Amino acid sequence: MGATHLLTIDDLSAADIDELMRLTDSFVEVSERRIPKVPALRGRTVAFLFYEDSTRTRLSFETAAKRLSADTMNFSVGSSSVSKGESLRDTVQTIQAMGVDGIVLRHKSAGAPKLITQWTDGSVINAGDGWHAHPTQALLDTYTLRQQRGSLTGMRIAIVGDIKHSRVARSNAAAFTKMGAKVTFVAPKTLLPSSLEPWDVTVAHSIDDVIDEVDVLYMLRMQMERQERSPVPSLREYTRQFGLTAQRFQRLNDDVLVMHPGPMNRGVEIAADVPDSVNGLVTDQVRNGVAVRMAVLFKLFSTTSDPSFSKPTIAAPAGA
Ligand code: NCD
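Definitions and limits used
- Residues numbered from 1 in each chain as written.
- Predicted model: local features only at pLDDT ≥ 70, side-chain atom pairs only at ≥ 80, totals over all residues.
- Heavy atoms only, no water.
- Helix = DSSP H or I, 4+ residues; strand = E, 2+ residues; numbered from the N terminus.
- Rg over C-alpha atoms; globule rule 2.2 N^0.38 Å.
- Buried < 20%, exposed > 50% of the residue type's maximum accessible area, 1.4 Å probe, protein only.
- Areas by Shrake-Rupley, 256 points an atom, 1.4 Å probe, with all protein chains shown as cover.
- Lys, Arg positive; Asp, Glu negative; His and termini not counted.
- Charge placed at Lys NZ, Arg CZ, Asp CG, Glu CD.
- Near = heavy atom within 4 Å.
- Polar contact = N/O pair within 3.5 Å; in protein donor to acceptor, adjacent residues only side chain to side chain.
- Domains from an automatic or database assignment.
- Contact = heavy atoms within 4.5 Å.
- Buried area = accessible area lost by both parts, 1.4 Å probe.
- Salt bridge = Lys/Arg side-chain N within 4 Å of Asp/Glu carboxyl O.
- Phe/Tyr/Trp six-rings, centres within 6.5 Å; stacked < 30°, edge-to-face > 60°.
- Lys NZ or Arg CZ within 6 Å of the ring centre and 35° of its normal.
- Pairing = 2+ DSSP bridges.
- Axes fitted to C-alpha atoms, helices over the stretch in contact; angles between N-to-C directions.
- Expected span 1.5 Å × (residues − 1).
- Parallel < 35°, antiparallel > 145°, perpendicular 65-115°, else oblique.
- Nonpolar A, V, L, I, M, F, W, Y, C, P; charged D, E, K, R; others polar.

### Topic: the overall build of the chain
Point 1. Counting secondary structure elements, the chain contains 9 helices and 9 strands.
Point 2. Against the compact-globule benchmark of 20 Å for 320 residues, the chain has a radius of gyration of 20 Å, which places it among compact chains.
Point 3. Counting only residues that meet the buried cut, the chain has 56% of its 320 residues in that class.
Point 4. Summed over all atoms, the accessible surface of the chain reaches about 13,900 Å², with 49% contributed by carbon and sulfur.
Point 5. Averaged over its 36 positive side-chain charges, the chain has a centre that lies 3 Å from the centre of its 36 negative ones.

See below:
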């Protein structure tokens, strides 16, 4: 990764992703130790700015930073001066003045992470901006598939549901195709982006058209909070046409992998028991998320700060 920031998957070549995947292998190993902590980023400070709700992404980044021994600064919109009208720029400059090496930003506006790169000397990592991008989710999903099958080359992946409002769909399609997979977006027309030009994907309008021909079903939540008008007649109707129902699950080949970025609406896009079945990778996705984010933090800090971190310092701490 030549860049100082991670804003979208476009910042990375296939070789960069491969390198991050290999680095992630090391951090998976670290995470399995009795004391899953290494001193690699000791003395570094990372600030987390979350302007949008998040459970797993925020906890995952925080765990990753702590396992690398970085100091963390947490900023919650509800309890900060944002509620007093402070601008994003003033907030970033305030944090910058306190001395941070990096900022992890989640924001409802597409492009916010790129915008703040002007106001900070540190690395900026996009933890999700509007409908636009969620690169670390794409990396952890790529890693999870690679862990299952060794490589994504030739893998047939259907991303099913509310593609239009999903930054996960956009970043995942970019990462999966870059790594050699064939991606199909499965959605009603009302839930597809107006142009599919940026992606090398095919489109299907019913889950039944793809279900017998895929290696992976990647299910998405209906992002109600981003929808202006209801894009489907009813959720029940949506489930009937696009949900991974128990009946459809019965029909799946035994080795089809089922993924979901969370938060899940069990019973809507995915039948209640499917995520916990042997085909379900949801727990692997969450577990790998920490190691992938360790790799990203490590990689960015090692190129932007002290060069002595350019080689992984991932030996076990004394006594571990
Ligand atoms: C997603 C997000 O916030 O973009 N969740 C996540 O980060 N794991 C998807 C969603 O909100 O549905």
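Now, onward.
### Concerning the site of the ligand
Point 1. In the neighbourhood of the ligand, the contacting residues comprise Arg56, Thr57, Arg106, His134, Gln137, Arg167, Val168, Arg221, Gln223, Pro261, Gly262 and Pro263.
Point 2. Gln137 places a polar side-chain atom, nitrogen or oxygen, 3.2 Å from a nitrogen atom of the ligand.
Point 3. Pro261 places a polar main-chain atom, nitrogen or oxygen, 2.9 Å from a nitrogen atom of the ligand.
Point 4. Every element with two or more residues in the shell around the ligand is listed here: helix H2 (56–67) and helix H6 (167–178).

### Quick notes on the domain arrangement of the chain
Point 1. Under the domain assignment used here, the chain contains domain 1 (9–134 + 285–301) and domain 2 (135–281).
Point 2. Domain 1 and domain 2 are separated by 25 Å when their C-alpha centres are compared.
Point 3. With 33 residues of domain 1 at the interface, the matching set in domain 2 holds 31 residues.
Point 4. Here domain 1 meets domain 2 over a buried area of about 2,700 Å², counting both sides, of which 58% is carbon and sulfur.
Point 5. The largest share of the area that domain 1 buries against domain 2 comes from Trp131, His134 and Gln285, three residues that together contribute 34% of it.
Point 6. Two residues, Glu52 and Arg167, come together in a salt bridge whose shortest N-O distance is 2.9 Å.
Point 7. Across the domain 1-domain 2 interface, the total number found is 17 residue pairs in polar contact (both at pLDDT 80 or more).

### Looking at the packing of aromatic side chains
Point 1. Taken as a whole and judged by the stated rule, the model has 6 aromatic pairs.
Point 2. Centre to centre, the rings of Phe176 and Tyr218 are 6.3 Å apart; their planes meet at 65 degrees, and the pair counts as edge-to-face. A residue pair is termed long-range when its members are at least 10 positions apart, and Phe176 in helix H6 and Tyr218 in strand E8 (residues 216–219) qualify at 42 residues.
Point 3. Phe176 sits in the buried class, given a relative accessible area of 0%.
Point 4. Directly above the ring of Phe61 sits Arg293, whose terminal nitrogen or CZ lies 4.9 Å from the centroid.

### Describing the sheet that holds strand E4 (residues 123–129)
Point 1. Strands sit in the order E2-E1-E3-E4 across an open sheet of 4 strands; the sheet is parallel. Either end of the sheet is taken by a strand with one partner, and the two such strands are strand E2 (71–76) and E4. Geometrically, the sheet is characterised by an average inter-axis angle of 15 degrees between neighbouring strands, direction not taken into account.
Point 2. Relative to strand E1 (residues 45–50), helix H3 (residues 88–98) is tilted by about 160 degrees, and along the sheet it contacts E1, E2 and strand E3 (102–107).

### So, the sheet that holds strand E5 (residues 156–160)
Hydrogen bonds between backbone atoms are what pair the strands of a sheet, whose relative direction is either parallel or antiparallel.
Point 1. Pairing within the open sheet is parallel, and its 5 strands lie in the order E7-E6-E5-E8-E9. Two strands bound the open sheet, and with one partner strand each, they are strand E7 (201–204) and strand E9 (257–259). Sheet twist, expressed as the mean angle between neighbouring strand axes with direction ignored, is 20 degrees.
Point 2. Relative to strand E6 (residues 182–186), E5 runs parallel, the two sharing 5 bridges. Bridge pairing in E6 links Val160 to Val186.
Point 3. Running at roughly 165 degrees to E9, helix H5 (residues 135–149) makes contact with E5, E8 and E9 of the sheet.

### What to know about the environment of Asn265
Point 1. Structurally, the position occupied by Asn265 is in the loop between E9 and helix H9 (282–304).
Point 2. Put simply, Asn265 and Leu220 are 45 residues apart on the chain and 9.1 Å apart in space, counted from C-alpha to C-alpha.
Point 3. Other than its neighbours up to four places away in sequence, Asn265 contacts Arg221 and Ile270.

### Comments concerning H5
In an α-helix there are 3.6 residues to a turn, and that puts residues three or four apart on one side.
Point 1. For H5, with 15 residues, the first-to-last C-alpha span of 21 Å sits near the 21 Å given by 1.5 Å per residue.
Point 2. Judged by how many residues are buried, H5 sits mostly within the fold: 11 of 15 residues are covered.
Point 3. The set of residues buried in H5 consists of Pro135, Thr136, Gln137, Ala138, Leu139, Leu140, Asp141, Thr142, Tyr143, Thr144 and Leu145.
Point 4. Remark: Gly150 follows H5 within two positions and exhibits a positive phi of approximately 85 degrees.

### Some thoughts on the packing of helix H1 (residues 14–31) against H5
Point 1. Between H1 and H5, the shortest axis-to-axis distance is 10 Å and the interhelical angle comes to 75 degrees. By the angle class used here, H1 and H5 are roughly perpendicular. Of the residues in H5, those touching H1 at Ile17, Leu20, Met21, Arg22, Thr24, Asp25 and Val28 are Leu139, Thr142, Tyr143 and Arg146.
Point 2. By residue class, the composition of the contact of H1 with H5 is 6 nonpolar, 2 polar and 3 charged.

### Side note on the environment of Val186
Point 1. In this fold, Val186 is placed in strand E6.
Point 2. Other than its neighbours up to four places away in sequence, Val186 contacts Ala158, Ile159, Val160, Gly161, Ile163, Ala204, Ser206, Ile207, Val210 and Phe242.

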